[in-house]
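Here is what each chain is made of, one letter per residue.
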Amino acid sequence: MAAIDTPPGLGLAGAQVGWFVARPGPRRLAWRGLVGTVALAVVAALLTRRHPPADYGAARLIVLVTAVAIAALAWAVRRARVGVGPDGVRWGWGTLVVRLEARRVTAVRVYRDAIAFVPRRGSAWFLFARDWDRFEALRRAVVTAGLPCAELDRRAPWTARLQSYGRVLDLLVVAAVAVAALTALVAL
């Protein structure tokens, strides 16, 4: 039997991180909303180009670009993953992530429907059950990561629930599709 000392990052995996994604329904809504908004924006832009209005054609195109940008942002946010491990919390896409390192976390409040990561400076990071798939597994990953957790057997406070972006993001996707559809109708 032999023991080999390997420098960090060479040959051995780093800290185990549990990765979690958004719920499937909102991910599908964001993708379909992006595709629908782009399709309707192309139709509206082609109709506007074919019959250009004299005074508000540029405003119509700005509205379409804004709708597509909002739908694309919602799709990107829904594609982001959150990772929890002993070294902290990550949110992002692949190697492009925002990190809250474990040494910066002063407290983690685990509610029935949310998790709050409280850093030394700045505002708390909230992860809500209605935004993330496999929320119970996410709760277990936070507790087993060794972060300073306090499990609270109640729902997150109302002020914390206001910071959940899920429903607002879904409404923005629906609004982007509606604006693109209305613009296409006006362009007819």
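Residues numbered from 1 in each chain as written. Predicted model: local features only at pLDDT ≥ 70, side-chain atom pairs only at ≥ 80, totals over all residues. Heavy atoms only, no water.

Asker: An account of the side chain of Arg 139 is requested, with residue identities and associated values reported.
Answerer: Here Arg 139 shows up in helix α3 (residues 135–144). Those residues within four positions of Arg 139 in sequence are excluded, and the remaining contacts are Val 110, Tyr 111, Arg 112, Ile 115 and Glu 151. (Helix = DSSP H or I, 4+ residues; strand = E, 2+ residues; numbered from the N terminus. Contact = heavy atoms within 4.5 Å.)

Asker: Help me get a handle on the sheet that holds strand β6 (residues 114–119), residues and values and all.
Answerer: Pairing within the open sheet is mixed, and its four strands lie in the order β7-β6-β5-β8. Edge positions in the sheet fall to β7 (125–128) and β8 (149–151), since each has one partner strand and no second. This sheet shows a mean twist of 15° between the axes of neighbouring strands, independent of strand direction. By the bridge criterion, five bridges tie strand β5 (residues 105–110) to β6 in an arrangement that is antiparallel. Each bridged residue has a counterpart across the sheet, and for Arg 109 the counterpart in β6 is Ala 116. Packed onto the sheet, α3 meets β5, β6, β7 and β8 and runs at close to 35° relative to β6. (Pairing = 2+ DSSP bridges. Axes fitted to C-alpha atoms, helices over the stretch in contact; angles between N-to-C directions.)

Asker: Could you give an account of the environment of Trp 19, naming the residues involved and the relevant values?
Answerer: By secondary structure assignment, the location of Trp 19 is in strand β1 (residues 18–21). For the pair Trp 19 and Gly 85, spaced 66 residues apart in sequence, the C-alpha separation works out to 9.0 Å. If we skip the residues at most four places from it in the chain, Trp 19 touches Arg 81, Val 82, Gly 83, Arg 90 and Arg 134.

Asker: Before we move on, can you summarise the pattern of salt bridges with the specific residues and values?
Answerer: Following the criterion strictly, the structure yields eight salt bridges and no others. Salt-bridge contacts for Arg 90 lead to Asp 87; the nearest nitrogen and oxygen are separated by 2.5 Å. On the accessibility criterion, Arg 90 (14% relative accessible area) is buried. For Asp 87, a relative accessible area of 21% gives the class partly exposed. (Salt bridge = Lys/Arg side-chain N within 4 Å of Asp/Glu carboxyl O. Buried < 20%, exposed > 50% of the residue type's maximum accessible area, 1.4 Å probe, protein only.)

Asker: Lay out the environment of Trp 31 with the relevant residues and their values.
Answerer: Within the fold, Trp 31 resides in helix α1 (residues 24–50). Taking the C-alpha atoms as reference points, Trp 31 and Ala 71, separated by 40 residues in sequence, lie 8.4 Å from one another.

Asker: Give a detailed account of the sheet that holds strand β4 (residues 96–101), specifying residues and quantitative values.
Answerer: Sheet strands line up and pair through hydrogen bonds in the backbone, either parallel or antiparallel. An order of β1-β2-β3-β4 is seen for the four strands of this open sheet, with the pairing classed as antiparallel. The sheet is open, and its two borders are formed by β1 and β4, each paired with just one other strand. The mean inter-strand angle of the sheet, taken between neighbouring strand axes irrespective of direction, is 20°. In terms of strand pairing, strand β2 (residues 81–85) meets strand β3 (residues 88–93) through five bridges, oriented antiparallel. Bridging from a neighbouring strand, Val 82 pairs with Trp 91 of β3. Packed onto the sheet, α3 meets β1 and β2 and runs at close to 35° relative to β2.

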